[in-house]
Amino acid sequence: MEADFSFFALFWRASFVVQMVMILLLAASFWGWAIIIRKAIAYRAARNEQAAFDGAFWSGEPLDELYDQIGTAPDGASEKIFAAGMLEWRRSHRQDGGLIAGAQARIDRSMDVAINKEAEDLTAGLPFLATVGSTAPFVGLFGTVWGIMNSFIEIAGQQNTSLAVVAPGIAEALLATGLGLLAAIPAVVAYNKLSADSDKIVAGYESFADEFSTILSRQLGA
């Protein structure tokens, strides 16, 4: 009878260890794609929010009024950084209107903390992509080696080296390598792209914080 070389047939004929390797690689691939899609949506939203807030910030509206509109619990990342700076700015004023010493340093630290929190949110999940990209080929290779070893053991037991006997076992083993590459290649490409995108977004936050700090420093020196 003609052998069935479909994916499911190869999976069910594989040994338990190779099946576990395949399941692990498929799960890693699906989870990796979930992270990729979620991050792509989140980064697009972050860029849109950043652009919208920059427009509001540089519109000429007084900073106190903009802060009152945003409130103490803003949603957007740029708004959170701005709110952190403004909150510390207001806290640095004494009741008599004077400024508490070290206001500039505290404002900068407050915005740095807010930026670090946003950077952590942006990069969450990326280490998983890096791990999958670096380890999935080796996990798949382990499954291949194990499968080929079992195939040779079966060949030795049957005392038959015909292609009809060898091919199914070899195909099952090589499927593990294919799944490893299927998981690794998108993970590596996406990790590099998403890492570069997150760096650009964080650089935008840092640039805004520097500009905002400069504006406040002028008022401190006035």
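These figures come from a predicted structure and were not determined experimentally. (Residues numbered from 1 in each chain as written. Predicted model: local features only at pLDDT ≥ 70, side-chain atom pairs only at ≥ 80, totals over all residues. Heavy atoms only, no water.)

*Asks:* Which residues make up the packing of helix 2 (residues 16-57) against helix 4 (residues 77-91), and what values do they have?
*Replies:* Contact geometry of helix 2 with helix 4 gives a least axis separation of 8 Å together with a crossing angle of 45 degrees. The angle between helix 2 and helix 4 places the two elements in the oblique class. From helix 2, Glu49, Gln50, Phe53 and Phe57 reach across to helix 4, where they touch Ala77, Ser78, Glu79 and Phe82. Among the residues making up the contact of helix 2 with helix 4, the classes are represented as four nonpolar, two polar and two charged. (Axes fitted to C-alpha atoms, helices over the stretch in contact; angles between N-to-C directions. Helix = DSSP H or I, 4+ residues; strand = E, 2+ residues; numbered from the N terminus. Parallel < 35°, antiparallel > 145°, perpendicular 65-115°, else oblique. Contact = heavy atoms within 4.5 Å. Nonpolar A, V, L, I, M, F, W, Y, C, P; charged D, E, K, R; others polar.)

*Asks:* Go over empty space enclosed by the protein with me, naming the residues and quoting the values.
*Replies:* For the structure shown, the criterion picks out one cavity of 30 Å³ or more. In this model, the largest cavity occupies a volume close to 40 Å³. In terms of lining residues, the largest cavity is bounded by Ala28, Ser29, Gly32, Trp33, Ile36, Leu129, Val132, Ala183, Pro186 and Ala187. Considering every element that reaches the lining of the largest cavity, the biggest residue donor is helix 2, with five residues. Residues belonging to the lining of the largest cavity are distributed by class as follows: eight nonpolar, two polar and no charged. (1 Å grid on protein atoms, 1.4 Å probe; cavity = no way out; pocket = protein on both sides within 12 Å on 5 of 7 lines; lining within 4 Å. Points joined across faces, edges and corners; volume = space filled by probe spheres on them.)

*Asks:* Any chance you could break down the side chain of glutamine 50 for me, citing the residues and the numbers?
*Replies:* Summarising the element assignment, glutamine 50 is placed in helix 2. When its relative accessible area of 13% is taken as the criterion, glutamine 50 is described as buried. One polar contact links the side chain of glutamine 50 to the main-chain carbonyl oxygen of isoleucine 201, over a distance of 3.3 Å. Residues contacting glutamine 50, with those up to four places away along its chain left out, are Ser78, Ile201, Gly204 and Tyr205. (Buried < 20%, exposed > 50% of the residue type's maximum accessible area, 1.4 Å probe, protein only. Polar contact = N/O pair within 3.5 Å; in protein donor to acceptor, adjacent residues only side chain to side chain.)

*Asks:* Any details on helix 3 (residues 63-70)? Residues and values, ideally.
*Replies:* Listing the buried residues of helix 3 in full gives Leu63, Leu66, Tyr67 and Ile70. Along the axis of helix 3, the buried positions cluster into a sector of 100 degrees, meaning they face one direction only. Facing away from the buried side of helix 3, by more than 90 degrees, are the exposed residues Asp68 and Gln69. (Arc of directions from axis to C-beta.)

*Asks:* Please set out the pattern of salt bridges residue by residue, giving values where relevant.
*Replies:* Enumeration according to the criterion identifies five salt bridges in this entry. Measuring nitrogen to oxygen at the nearest pair gives 3.1 Å for the salt bridge that ties aspartate 68 to arginine 90. Taken together, the residues aspartate 68 in helix 3 and arginine 90 in helix 4 connect sequence positions 22 residues apart. Overall, the relative accessible area of 34% leaves arginine 90 in the partly exposed class. Glutamate 118 is the salt-bridge partner of lysine 80, the closest N and O atoms lying 3.9 Å from each other. Here lysine 80, found in helix 4, pairs with glutamate 118, found in helix 5 (residues 103-123); they are 38 residues apart in sequence, far enough to count as distant. The exposure class of lysine 80 is partly exposed, given its relative accessible area of 33%. (Salt bridge = Lys/Arg side-chain N within 4 Å of Asp/Glu carboxyl O.)

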